[in-house]
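Architecture at a glance
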Amino acid sequence: MASRISRTLVAMLATAGATLGVTLANPSPASAAMTICYNTSQAPSYASIANQAATIWNNATSNLTLTANCGTNLRIYQITGGGSYAVRTSLGNGRVYIDTQQAAQYSPLRIMTHEIGHILGLPDNYNGNCAILMSGGSAGTSCTNPYPSSAEASRVTSLFAGTRSTERGTDSGSTVFQDSWPAALAPVS
Ligand SMILES: [Zn+2]
């Protein structure tokens, strides 16, 4: 009798120990999505476009969430002339510049999602294919597709795997994506 109780007790302790061991061996919780706070105070004409672009990226990807005006991971500016471009300071951090002249010829939403794509880690891919977001202006002014392809979305999801909401970038090692979308032509009267 005493022997059976003893064996049972040993088994229980072993189970408890195993459970504790597993807990200690895996201390890190599943990583939460990185929150990318974007700010449109310097791009008042494109605030709603930025919101639409954020929704597109949020729906297409995992591991990151673009949220308006909760901070300044991503500042969005509007400029006149010179072409739209993006400066990525680190993954999920940087600045996007929307050229109002360019946005009068090309789809502003496609430009916005494309430039944010640079901040999310994607390079240009000027192959003329409208189904590819990072083909940018190479697909012509008639291309208004603002959605990343499944491959582009998957790439961003994998780049953000393991990032956490506390991650913040620095200004060292900035990468500038000066978009070579064709320069804006003289306005047609
Ligand atoms: Zn680009």
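Every value quoted in this text rests on a predicted model; they were computed, and no experiment measured them.

The rules behind these values
For every chain, the first residue of the written sequence is number 1, and numbering continues from 1 onward in sequence order. Confidence filtering applies because this is a predicted model: local features only for residues at pLDDT of at least 70, side-chain atom pairs given and counted only at 80 or more, and all residues used for totals across whole chains, interfaces and linings. Heavy atoms from the whole structure form the basis of all side-chain values; hydrogens and water molecules are not counted. What counts as a helix is a DSSP run of H or I of at least four residues, what counts as a strand is a run of E of at least two, and both are numbered from the N terminus. Think of it in three bands: residues with accessible area under 20% of the maximum for their type are buried, residues over 50% are exposed, and the middle band is partly exposed, with areas taken using a 1.4 Å probe on protein chains only. Whether two residues are in contact is decided by their heavy atoms, any of which lying within 4.5 Å being enough. Here the open area of atoms and residues is found with the Shrake-Rupley method and a 1.4 Å probe, where only the protein chains shown may cover a residue. We count Lys and Arg on the positive side and Asp and Glu on the negative side, and we leave His and both chain ends out. Salt bridge, as applied in this entry: a Lys or Arg side-chain nitrogen positioned within 4 Å of an Asp or Glu carboxyl oxygen. Definition of a polar contact: a pair of N or O atoms within 3.5 Å, with one able to donate and the other able to accept a hydrogen when the atoms are protein atoms, and with sequence-neighbouring residues admitted only if both atoms are side-chain atoms. Only Phe, Tyr and Trp rings take part, Trp by its six-membered ring, and two of them pair if their centres are within 6.5 Å. Stacked means planes under 30 degrees apart, edge-to-face means over 60, and tilted covers everything else. In plain words, nonpolar cores are sets of buried Ala, Val, Leu, Ile, Met, Phe, Trp, Tyr and Cys residues tied together by side-chain atoms within 4.5 Å. The predictor attaches a confidence to each residue, called pLDDT, with possible values from 0 through 100.

We now examine the overall build of the protein chain. Scanning the protein chain from terminus to terminus reveals five helices and six strands. Listed by position from the N terminus, the elements making up the protein chain come as α-β-α-β-β-β-β-α-α-α-β. Here the protein chain, with 189 residues, has 38% of them falling under the buried criterion. In the protein chain, the share of contacts with a sequence separation of at least 24, taken over all contacts with a separation of at least 6, comes to 65%. Working note: accessible area of the protein chain is about 9,700 Å², and carbon and sulfur atoms make up 57% of it.

Assignment of secondary structure puts arginine 88 in strand E4 (residues 85–90). No salt bridge is formed by the buried arginine 88. Its closest oppositely charged neighbour is aspartate 124, at 9.9 Å. In terms of polar contacts, arginine 88 uses its side chain to reach the backbone carbonyl oxygen of histidine 118, at 2.9 Å.

With that settled, the discussion passes to the environment of alanine 161. Inspection of the secondary structure assignment puts alanine 161 in the loop between helix H5 (150–159) and strand E6 (175–178). Alanine 161 gets classed as partly exposed once you look at its relative accessible area, which sits at 46%. Distance from alanine 161 to leucine 64, taken between C-alpha atoms, is 8.6 Å for residues 97 residues apart in sequence.

What follows concerns the packing of aromatic side chains. Inspection of every chain in the model, using the stated rule, returns two aromatic pairs. Between the aromatic rings of tyrosine 77 and tyrosine 97, the centroid separation amounts to 5.0 Å while the plane-to-plane angle is 10°, which identifies the pairing as stacked. A residue pair is termed long-range when its members are at least 10 positions apart, and tyrosine 77 in strand E3 (residues 74–79) and tyrosine 97 in strand E5 (residues 93–99) qualify at 20 residues. On the accessibility criterion, tyrosine 77 (22% relative accessible area) is partly exposed. For the pair tyrosine 85 and tyrosine 97, a centre-to-centre distance of 4.4 Å together with 10° between the ring planes defines the contact as stacked. Placement of the pair is tyrosine 85 in strand E4 and tyrosine 97 in strand E5, with a sequence separation of 12 residues.

What follows deals with the nonpolar core. Residues Leu74, Ile76 and Met112 are the most contacted members of the largest nonpolar core, which totals 32 residues. Broken down by secondary-structure element, the contributors of at least two residues to this core are strand E1 (34–42), helix H2 (47–60), strand E2 (64–68), E3, E5 and helix H4 (108–119). At six residues, the largest contribution of residues to this core is made by H2. Beyond its immediate stretch of four places on either side in the chain, methionine 112 contacts Tyr46, Ile49, Ala50, Ala53, Ile76, Val96 and Ile98.

Attention now moves to the environment of asparagine 59. Within the secondary structure, asparagine 59 sits in helix H2. Distance from asparagine 59 to alanine 153, taken between C-alpha atoms, is 9.5 Å for residues 94 residues apart in sequence.

Tracing the backbone through its elements, the reader meets aspartate 99 in strand E5. For the buried residue aspartate 99, which engages in no salt bridge, the nearest side chain bearing the opposite charge is arginine 110, 15 Å off. Contacts of aspartate 99, omitting those with residues within four sequence positions, involve Ile79, Thr80, Gly81, Gly82, Gly83 and Ser84.

Mean pLDDT over the protein chain works out to 81, with 70% of the residues at or above the 70 mark. Residue range residues 13–31 is modelled with pLDDT below 50. Its contacts to residues more than four positions away, or to other chains, number three contacts. Between residues 166–171, whose pLDDT stays under 50, and residues either more than four places distant or in other chains, the model counts 11 contacts.

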